[in-house]
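Summary of structural features
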Amino acid sequence: MKDTDWIILNELYKEPNLTKVSEKLYYSQPSLTKIIQNIEEEFDTRILLRSSKGVKFTVEGEYLAKRAKEYLKFMEETKNKMKSFKYETRGILTLGSSYTYSKYFLPDILYNYSKENNVNFNIVTKQSEDLFRDIHNLDGAFIHGKYDGNIESILVDEEKAYILSKNKIKLEDLKNMPMISYSTNNKTKDILNNWWYQNFNSEPTNQIFSGYVDVAWQLVNRNLGYVCCFLSENFINDYGLCMTPMLDEKGAQLTRETYFIYSKTQDKSNIFDDFLEYLKTRVIKK
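Residues numbered from 1 in each chain as written. Predicted model: local features only at pLDDT ≥ 70, side-chain atom pairs only at ≥ 80, totals over all residues. Heavy atoms only, no water.

With an unreviewed UniProt entry as reference, the protein is termed LysR family transcriptional regulator, source organism Fusobacterium pseudoperiodonticum.

Right under this line is the structure:
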């Protein structure tokens, strides 16, 4: 079994409802059901019974769920202790960050902090929802969007949504232009997709997938289409692209928030406390 399997069993035992647990852990319900089936095949036993009120654990399932709680506690204690060894010997902070934050903001933060503190960094770059799931393996993470859980969230930045195009456009022009999409987290996708369907109620024309948002900007510069994205106030428009604000039905510009998150329960080192204080005084928005 994987660590994620133990986490799922533990959460289902606390909240015996597949729909609620799938939403909490950001799995689709079919994926969650398949994981449960794989666990049952591994142990050659039935661990869950479905009912109109949700799911009920069998005797074997209850035993596994209790072992899951013990295992997760053991792993958390072990990881915290191993991390404390690293703090004592090398002074390492393990930080997660989304791709765009890692590329455009994080280097300056780490450089300025390192000038005043003798510390090494281990940077993990993933999508925001993956960093949220893995927060127990990190000291902290910079993620896009608000996530609920056993974490502290501190606002770091707020970005505004724009349509970037080679030339000036009207909204009605977009239906006949190729949209250039890129890899981003699900919360960002939801904001942009909802805006699109509220305005057009149809699929975009001839979508081009660029991989990364900065590659999308290059394609826009070649006049291959347009891109909808969020930009920070210090964005440098190197290509001189036209920036059309994306407004909601009330005329307000769409925004996306970036947070620094960390676990509420995980033991904190003096190094982390110093770094957090640095963020609060030098980086985090008041």
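The interhelical angle for the contact between helix H2 (residues 18-25) and helix H3 (residues 29-43), taken along N-to-C directions, is 105°, at an axis separation of 9 Å. Taken together, the axes of H2 and H3 are roughly perpendicular relative to one another. On H3, the residues touching Leu 18, Thr 19, Val 21 and Ser 22 of H2 are Gln 29, Leu 32 and Thr 33. Of the residues that constitute the contact of H2 with H3, the class distribution is three nonpolar, four polar and no charged. (Axes fitted to C-alpha atoms, helices over the stretch in contact; angles between N-to-C directions. Helix = DSSP H or I, 4+ residues; strand = E, 2+ residues; numbered from the N terminus. Parallel < 35°, antiparallel > 145°, perpendicular 65-115°, else oblique. Contact = heavy atoms within 4.5 Å. Nonpolar A, V, L, I, M, F, W, Y, C, P; charged D, E, K, R; others polar.)

The final tally for this structure, using the stated rule, is eleven salt bridges. A salt bridge links Lys 14 to Glu 11, with the nearest nitrogen and oxygen atoms 3.3 Å apart. Placement of both Lys 14 and Glu 11 in helix H1 (residues 3-14) is noted, with a separation of three residues, approximately one turn of the helix. Of the residues examined, Lys 14 reaches a relative accessible area of 54% and is grouped as exposed. With a relative accessible area of 12%, Glu 11 lands in the buried category. By sharing partners, the salt bridges in this structure join Glu 11, Lys 14 and Lys 24 into a single network. (Salt bridge = Lys/Arg side-chain N within 4 Å of Asp/Glu carboxyl O. Buried < 20%, exposed > 50% of the residue type's maximum accessible area, 1.4 Å probe, protein only.)

Let's shift gears to the nonpolar core. Of all hydrophobic cores here, the largest spans 27 residues; its most connected members are Leu 174 and Val 227. Core analysis: the second largest hydrophobic core is formed by 21 residues, Leu 93, Leu 106, Tyr 113 and Ile 154 among them. (Core = buried A, V, L, I, M, F, W, Y, C linked by side-chain atoms within 4.5 Å.)

Along a regular strand, successive side chains alternate from one face of the sheet to the other. Judged from the nine bridges that link them, strand E6 (residues 151-165) and strand E11 (residues 255-263) form a sheet pairing that is antiparallel. Looking at the pairing, Glu 152 lines up with Tyr 262 of E11. Pairing of E6 with strand E9 (residues 227-231), which is carried by five bridges, proceeds in the antiparallel orientation. Each residue of the ladder has a partner; that of Tyr 162, found in E9, is Cys 229. In the sheet, E6 pairs with strand E10 (residues 242-245) via four bridges, with the strands oriented antiparallel. By the bridge assignment for E10, Ser 165 is matched with Cys 242. (Pairing = 2+ DSSP bridges.)

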